[in-house]
Structure formats: structure tokens, C-alpha cells
Amino acid sequence: MEDYATSDDDFHYSSDQEDSVDAYENDDQDYALLSSKGPTTQVITKESLLAAQREDLRRVMDMLSVKEQHARTLLIFHRWDVEKLFAVYVDKGISFLFAEAGVSVDEHRESDSVASAVMCLICMEDVPSNELTRMDCGHGFCNSCWIEHFIVKINEGQSKRIRCMAHKCNSICDEAVVRTLLSRQHPDMAEKYERFLLESYIEDNKRVKWCPSTPHCGNAIRVDEDELCEVECSCGVQFCFKCLSEAHSPCSCLMWELWAKKCRDESETVNWITVHTKPCPKCHKPVEKNGGCNLVSCICGQAFCWLCGGATGREHTWSSIAGHSCGRYKEQEKTAERAKRDLYRYMHYHNRYKAHTDSFKIESKLKETIQGKVAISEEKDSTLRDYSWVNNGLSRLFRSRRVLSYSYAFAFYMFGDELFKDEMTEAQREIKQNLFEDQQQQLEANVEKLSKILEEPFETFSDDKVMEIRMQIINLSTVIDKLCQKMYECIENDLLGSLHHGIHSIAPYKSKGIERASELSVCWGNNVNDTEMLLSEKDYCIYAASVGVTAELDRPSGSGSSDDSGCSSRKRARKEGLGGGFFDLNLPAEFVDRN
């Protein structure tokens with residue numbers, strides 16, 4: 001059997017490794033047990049968005065004993081970070097917490113029925129007392145002025161925090177009043193206001209972000225732990241949660257942004273600018289020559305010589321420029337050599353990055369081929385019945401190939417002069433580069449061996465030969481997993497960890513690959529207290545009608561499957577022809593105001 005180890009010591013399989021082999025083949029079962037604590041990422045759909053928002057609202061309402069509108073105002077101000085909100089409450093008190101967020105808990109809505117008419121201090125008109133509305137802060141103006149104020153703020157995108165019109169008043173307007181006044185004359189603006197309030201849970205929440213899929217799937221992802229992670233939406237898109245780009249570890253977000261920009265296909269434009277223009281010595285903008293004279297002028301007013309690019313005066317003849325001579329040859333070999341070296345260095349890393357990316361695309365087509373091979377093998381009269389090791393090996397190949405591809409983009413910036421020129425000496429750079437490249441080459445060699453073995457026509461082999469291939473794939477997959485983990489540890493601790501500026505961080509390595517987010521369920525409690533804390537059945541029916549979905553209510557006592565907490569596990573079907581908008585919400589006032 002060939003040697004697939006990554007060191008000088010031979011890696012042989014023996015009967016003592018049966019336990020590790022069984023553990024590898026039962027990977028998925030073990031992972032399910034480890035994940036029983038609960039998912040760290042969740043998919044928020046249109047159906048579950050309201051339930052997710054009310055979950056945080058209820059926590060604040062119970063802790064501070066405030067109304068739902070005040071809890072929402074506090075959460076929007078603190079970007080839906082409940083822990084940060086509670087920390088401010090503990091450190092600086094509730095008065096500071098309310099004043100900072102613009103919450104007025106002391107209602108000053110005394111009746112103006114004594115006076116038949118009251119003057120509005122905005123339009124300076126006398127209006128009947130029943131057409132004047134006061135906010136919690138005590139300031140009252142006529143309904144017409146309030147409505148115009150609300151419409152302006154909503155159109156300006158400030159509907160989530162509409163302040164009182166009074167001078168130097170920082171109080172946030174009561175959302176129930178905003179909803180009531182707008183719904184009388186402008187129901188479309190009231191609907192827009194409701195939608196903005198609901199979407200603020202995603203737009204202003206650092207733990208929740210929209211899936212960057214194109215076309216958009218309509219889902220959002222919520223992470224419960226560190227936002228520096230890579231996630232997979234239920235639509236199948238894998239992305240970096242921090243920068244919303246494609247999953248790119250072991251590159252940091254800044255490295256990947258620079259690399260993607262550098263690799264973007266703009267070569268023709270760059271070539272044309274290089275050939276037909278010269279940079280202005282003053283403003284450095286490219287200037288195109290449109291005449292026969294070698295004295296050219298930039299739009300900034302600077303005159304310069306077209307032959308050498310040097311700044312000059314404007315006095316000139318057809319053959320010469322006053323006070324300027326550039327006919328003598330000047331040695332520029334150092335600059336040319338540096339440019340040539342930088343180009344070759346980029347080509348080295350880009351060619352290997354692209355090679356592994358292309359290999360990943362080609363190997364992705366292996367899945368159907370291997371499934372066919374497995375089907376043929378299972379039909380044979382063989383003692384070997386379990387072929388899960390084939391799929392496990394293929395999954396390991398995909399993950400390690402992706403890591404290898406992005407590792408070359410990481411190395412280009414880690415050991416270049418663009419980002420870390422002043423962070424390391426030349427000696428330190430050389431030591432770290434040798435350390436990283438040794439691990440990279442070991443991983444690369446084993447990945448290529450695994451790819452070769454998976455392409456073998458094992459469906460035509462004897463049982464003994466299949467068992468030999470099985471052990472090779474299992475051993476290689478284990479070695480590759482350890483090498484990937486070792487590379488990530490090297491990057492985090494020895495390379496990026498030693499830098500003075502900690503702006504470069506990478507998503508942690510996960511042996512099972514990028515975690516697929518689970519769908520957030522809409523739950524109903526089994527008792528009165530649980531029902532108060534979670535979304536009630538009536539509330540969900542109203543919400544489901546507003547977003548255009550069919551609400552199939554699975555109660556714990558019904559035929560539908562559910563868990564002990566009463567959370568339905570059945571997916572709710574979307575109603576065709578409805579919900580054409582992103583969030584077509586028009587919730588009645590009694591629904592939102594209910595506490």
C-alpha cells in the first residue's frame with residue numbers, strides 16, 4: 001500500500017485502528033450528539049421574523065417592566081443587542097437608559113377638553129381639542145402637523161426613530177399614535193412604517209443579516225455566538241457572516257476583498273490606459289494625448305512632457321520645451337526589475353489559486369459519478385454493504401480543496417509588502433513563510449492523492465481491493481482533517497496572532513464543514529405563562545395573512561409532529577400569488593399594541 005502520511009514516518013493501518021475507522025464512518029451520528037445543545041445559527045424566514053423579534057422584546061419587557069413600544073425603542077437604539085442594553089441598565093441605571101434612547105415613561109396626556117380650541121404651536125392655528133394629540137413627553141400638536149411630520153420622516157428613512165417635533169425634545173414618538181394617525185388618511189404610509197419597524201430587527205441587528213443570495217431567497221441568518229463565522233443558508237448559499245462575501249477562510253475579510261478586486265477581470269481596460277495615457281505629475285490622473293505637440297496640459301492646469309512625464313513650464317516650440325531636456329537615457333533597471341518581480345509573484349499565487357478552484361469545480365461533478373459507482377457496488381453480491389466512507393471522503397475532498405485554494409490568496413498578502421511590510425523583519429518573514437508553506441505542501445500532496453483514489457473504478461474491483469481503497473480513503477481523510485486544523489492553528493497563533501494590529505481574523509476551522517443554519521420555529525406555549533411569552537395562535541394567524549402564507553397550526557395534541565415545548569416541526573407552505581412584496585405587512589393596531 002502506498003504511503004499517504006505527511007511526515008517521514010510511515011502511516012500504516014493496523015487492526016488497532018478499528019475504533020478510529022468506525023468513528024470516522026459514524027461521523028454524522030457523533031456530530032448529531034455533539035450538536036444536541038442547539039444550533040448556533042438559525043434561518044429567519046418571513047414567517048418567523050415576527051416571532052424572533054418578539055422574543056427579544058419580551059425579554060426587555062419582563063426585565064424593565066415597560067410597554068412593547070418602549071422596549072422596541074430601547075432595542076433599536078442599542079441595535080437589538082439585549083446583553084448590551086442590560087449592561088447599560090446595570091451600570092448606569094434605568095433613568096440614563098431611558099434618557100439616552102429617548103424613551104418617556106411618564107405619560108403627560110392630560111385632557112384638553114376644558115378649552116374648546118387649542119392653538120397648535122407648529123402651524124399657529126386654533127384647532128378643536130379633539131384634533132390635538134399629545135405624546136408621552138407631554139408635547140401636543142394638531143393631528144395634521146403630526147401626520148405631515150410622520151410622512152416626512154418615513155420618506156427620509158427615519159421611521160424607526162421618529163422624534164417629537166418640540167424644540168430640543170429627544171423623545172421618540174409613540175408608535176401606536178403614529179400608526180393610528182397615519183392609518184386614517186395614509187394607510188400606505190402606515191404599512192410602510194410597520195414594515196420598517198419589523199425589518200429593523202434585521203437591518204439594525206449585528207447578530208442578524210440578510211442572506212446575500214442572488215436572486216434573493218428572502219431569508220435572514222441569526223448567529224448566537226461570534227459573528228466571525230461562515231454559515232450556510234437553507235437556500236444553499238455559503239457566505240462569511242461578517243463581510244457577506246463568499247466563504248473565504250483562511251483569508252481574513254480584508255485579504256479576500258483585496259484579492260477579489262485584484263483578480264477581477266479588468267485587464268483590457270488597464271492595458272489600454274497603460275498604452276494610451278500618461279499620469280499627470282501633479283494630480284496623477286491619466287491624461288490622453290490628442291495633439292502632435294509633446295507638451296501636454298492636464299485639466300488641473302499642470303503642463304508636462306509627454307516623453308518623460310516630467311512637470312514643465314508652458315513656454316515651448318515644436319522641437320523643445322524651455323528649461324527641459326529629457327533626451328538622455330537614465331538607468332531604470334531597478335524599477336523595471338521590481339515591477340517584473342511583483343508580477344511573477346502574483347502570477348505564482350494566482351495560478352495555484354485558480355488551479356485548485358478549477359479542480360474544485362471539476363470534482364464537484366464527481367458526486368453523481370460516485371453515486372452511480374456506489375449503486376453498482378451495492379447490487380453486487382459482496383460482503384461489503386456500507387459505502388458511507390466514499391461520501392465522507394468526497395466531502396473531505398471538497399472542504400480541503402476549498403481551504404487549499406484560499407490559502408494561496410492568504411499567503412500572497414501574509415508574506416507580501418502590501419499589508420504587513422512593517423510588521424515583520426525579513427528574517428521573521430522567511431521563517432514564517434517556510435513554516436506555512438511546509439504545511440501547505442503537505443496538505444496539497446494528500447489532497448491530490450485523495451482525489452486520485454476517489455476517481456478509481458472501485459465498482460469493478462474485488463472485495464479485497466475495495467477494502468484496501470476503503471482504508472486508504474479513511475486514512476487520508478483523517479490525515480487531511482488534522483492538517484487543515486493544524487494550518488488554521490498556525491495562521492491564528494503563529495502568523496496573525498503575532499501581529500500588532502488585530503484587524504485580521506479568520507473564521508474558525510470546522511471539521512464538519514460550514515454549518516447549515518436551522519430554521520427558526522414559531523412556537524406556542526402549553527400553559528398561560530408560555531403563551532404570554534411566545535407568539536399566540538391568533539397573533540400568528542393575523543401575521544400570516546399579512547405576509548401571504550398559509551398558517552397550518554400544529555398543536556401538541558394534534559396529529560402534527562411537535563416537540564415537548566409545543567414547537568411545530570411541520571413546514572408551512574407559501575400561498576401562491578400572495579406576498580409579492582418583500583414584507584407586505586399591514587398589522588392592525590390592536591395586534592401590535594397588545595402587551
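One structure accompanies this document, and this report is about it. All figures in this text were calculated on a predicted structure; none of them were measured in a lab.

Thresholds, definitions, all that
Residue positions are counted from 1 within each chain, in the order its sequence is given. Totals for whole chains, interfaces and linings use all residues, but because this is a predicted model, local features are given only for residues with pLDDT of at least 70 and pairs of side-chain atoms are given and counted only at 80 or more. By convention in this description, side-chain values take in all heavy atoms of the structure and omit both hydrogens and water. Lines are fitted to the C-alpha atoms to define the axes, a helix being fitted only along its stretch in contact, and any angle between axes, read from their N-to-C directions, falls within 0 to 180 degrees. Only DSSP runs of H or I with at least four residues qualify as helices, and only runs of E with at least two residues qualify as strands; both kinds are numbered from the N terminus onward. Working rule for angles: under 35 degrees goes down as roughly parallel, over 145 as roughly antiparallel, 65 to 115 as roughly perpendicular, anything else as oblique. For this analysis, residues touch if any pair of their heavy atoms sits within 4.5 Å. Basically, the charged four are Asp, Glu, Lys and Arg, the nonpolar ten are Ala, Val, Leu, Ile, Met, Phe, Trp, Tyr, Cys and Pro, and anything else, Gly included, counts as polar. Salt bridges are defined as contacts in which a side-chain nitrogen from Lys or Arg sits within 4 Å of a carboxyl oxygen from Asp or Glu. Exposure is judged per residue with a 1.4 Å probe applied to protein chains only, and the accessible area is read against the type maximum: over 50% gives exposed, under 20% gives buried, and values in between give partly exposed. Aromatic rings from Phe, Tyr and Trp, taking only the six-membered ring of Trp, are treated as a pair when their centres fall within 6.5 Å; an angle between ring planes under 30 degrees marks them as stacked, one over 60 as edge-to-face, and anything in between as tilted. Whether a charge sits over a ring comes down to the Lys NZ or Arg CZ being within 6 Å of the ring centre and within 35 degrees of the ring normal. All tallies of charge rest on Lys and Arg as positive and Asp and Glu as negative; His and the ends of each chain are not included. Any two strands between which DSSP finds at least two bridges are classified as paired.

Take the packing of helix α3 (residues 49-64) against helix α8 (residues 187-203) next. Running from N to C, α3 and α8 point in directions that differ by 75°, and their axes come no closer than 10 Å. It follows that α3 is roughly perpendicular to α8 by the angle criterion. Counted together, L49, L50, A52, Q53 and D56 of α3 and L197, L198, S200, Y201 and I202 of α8 form the full contact between these two elements. For the contact of α3 with α8, a count of residues per class yields seven nonpolar, two polar and one charged.

All told, the structure shown has 22 salt bridges when counted by the stated rule. We note a salt bridge from K206 to D81, for which the minimum N-O separation is 3.5 Å. Linking K206 in the loop between α8 and β6 (208-210) with D81 in the loop between α4 (68-77) and α5 (82-101), this pair joins segments that are 125 residues apart in sequence. Assessed through its relative accessible area of 17%, D81 is described here as buried. Here K354 makes a salt bridge to D358, at a shortest N to O gap of 3.1 Å. Taken together, the positions of K354 and D358, both in helix α11 (residues 333-364) and four residues apart, correspond to about one turn of that helix. For K354, a relative accessible area of 43% translates into the label partly exposed. Put simply, R54, E68, R72, E175, R179 and E194 are held in one network by salt bridges that share partners.

Let's shift gears to the packing of aromatic side chains. Summed over all chains, the structure comprises 19 aromatic pairs. Consider the rings of W259 and Y413, whose centres lie 6.4 Å apart with planes at 85°: the pair is edge-to-face. Residue W259 is found in helix α9 (residues 253-263), and its partner Y413 is found in helix α13 (residues 388-414); the two are separated by 154 residues along the sequence. For W259, a relative accessible area of 0% corresponds to the buried category. The class for Y413 is buried, based on a relative accessible area of 1%. Taking 5.9 Å as the distance between ring centres and 50° as the angle between the ring planes, the aromatic pair formed by F415 and F436 counts as tilted. Of the two residues, F415 sits in the loop between α13 and α14 (426-454) while F436 sits in helix α14, which places them 21 residues apart along the sequence. Residue class for F415 comes out buried when judged on its relative accessible area of 5%. Through a chain of ring-to-ring contacts, the aromatic side chains of W256, W259, Y346, Y349, Y353, Y406, F412 and Y413 assemble into a single cluster. The lysine or arginine in question, R195, covers the ring of F196, its NZ or CZ lying 5.7 Å from the ring centre. The ring centre of W306 lies 4.6 Å from the NZ or CZ of K278, which sits over that ring.

On to the side chain of K373. On the secondary structure map, K373 appears in helix α12 (residues 366-379). E459 is the oppositely charged side chain nearest to the buried, salt-bridge-free K373, at an N-O distance of 4.7 Å. If sequence neighbours within four positions are ignored, K373 has contacts with L454, E455, E456, P457, F458 and E459.

Time to look at the sheet that holds strand β1 (residues 41-44). Taking strand neighbours across the sheet as the criterion, the four strands line up as β6-β7-β1-β15 in an open arrangement whose pairing is mixed. In this open sheet, the two strands that pair with only one neighbour each are β6 and β15 (518-519). As judged from the three bridges shared by β6 and strand β7 (residues 220-223), these two strands associate in the antiparallel manner. In the sheet register, K209 faces β7, and the bridge partner there is I221. Sheet contacts for α8: β1, β6 and β7; angle to β6, the most-contacted strand, approximately 105°.

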